[in-house]
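# Overview (structure and organization)
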Amino acid sequence: MKMRLALLLAAVFVLSPLDGVAGEKQLTDVKVLAGSWRGWVTGEQGQERATMIISADGSYKASTPRGLTSEGQFYLQDGKLRYRSSRTTGTASLSEDKGKTTLTVLPEDSTYGRADYERVK
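Described below are features of the structure shown in this document. Predicted model only: the values in this text are computed from it and were never measured. Counting restarts for each chain, with residues numbered from 1 along the sequence as it is written. Thresholds applied to this predicted model are a pLDDT of at least 70 for local features of residues and 80 or more for the giving and counting of side-chain atom pairs; totals over whole chains, interfaces and linings are not thresholded and use all residues. Side-chain numbers come from the whole structure's heavy atoms, not from hydrogens or water.

On to the packing of aromatic side chains, then. Working definition: a ring pair exists when centres of Phe, Tyr or Trp rings (six-membered ring for Trp) sit within 6.5 Å. Plane angles under 30 degrees give stacked, over 60 give edge-to-face, the rest tilted. Under the counting rule described, the total for this entry stands at 2 aromatic pairs. Aromatic side chains Y60 and F74 sit 4.9 Å apart centroid to centroid with 40° between the ring planes, which places their arrangement in the tilted category. With Y60 in strand β4 (residues 59-63) and F74 in strand β5 (residues 69-77), this pair connects stretches of sequence that are 14 residues apart. We classify Y60 as buried; its relative accessible area is 9%. Geometrically, the ring pair formed by F74 and Y83 is tilted, given 6.3 Å between the ring centres and 50° between the ring planes. Using a relative accessible area of 1% as the deciding quantity, one classes F74 as buried. Only protein chains enter the calculation, and the probe is 1.4 Å; a residue is then buried if its accessible area is under 20% of its type maximum, exposed if over 50%, and partly exposed in between. Y83 gets classed as buried once you look at its relative accessible area, which sits at 3%. Counting every residue linked through ring pairs, the aromatic cluster contains Y60, F74 and Y83. Elements are defined by DSSP. Helices are runs of H or I of four residues or more, strands are runs of E of two residues or more, and each kind is numbered from the N terminus.

The structure is reproduced here in structure tokens:
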């Protein structure tokens, strides 16, 4: 009896969706990115704070407290979120977890590290 209950609970856990678990969002329009973002970027000097403002057309401007700036454009290509900037090109993903929306930017050039931004409410 205990074994059947354990198996039943395990099956329910495996088959049921988990609320509050981070999940990548599929985008159909870059307009959903519009707004202010704050996070961390990894560069040649290590990690540092950054802010980014994204317009409804996907264009953006990011900056760090040290005065480093980057301008670019987010766009959709074959259903994937990509970006092109004054420094790099690469992929991006949008995810939600417990009410927080996170934008992760991954450059193709390994000289530059990833950036993780959280939407500012």
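Structurally, the position occupied by S70 is in strand β5. For S70, a relative accessible area of 13% translates into the label buried. By the convention used here, residues are in contact when the closest approach between their heavy atoms is within 4.5 Å. Sequence-distant contacts of S70, defined by excluding residues within four places in its chain, comprise Y60, K61, A62, S85, S86 and R87.

Pairing analysis gives 9 bridges linking strand β2 (residues 35-43) to strand β3 (residues 46-54), with the strands arranged antiparallel. Following the sheet pairing, G35 is matched in β3 by I54. Relative to β4, β3 runs antiparallel, the two being bridged by 4 bridges. Paired with M52 across the bridge in β4 is A62. At least two DSSP bridges between two strands are needed for those strands to be called paired.

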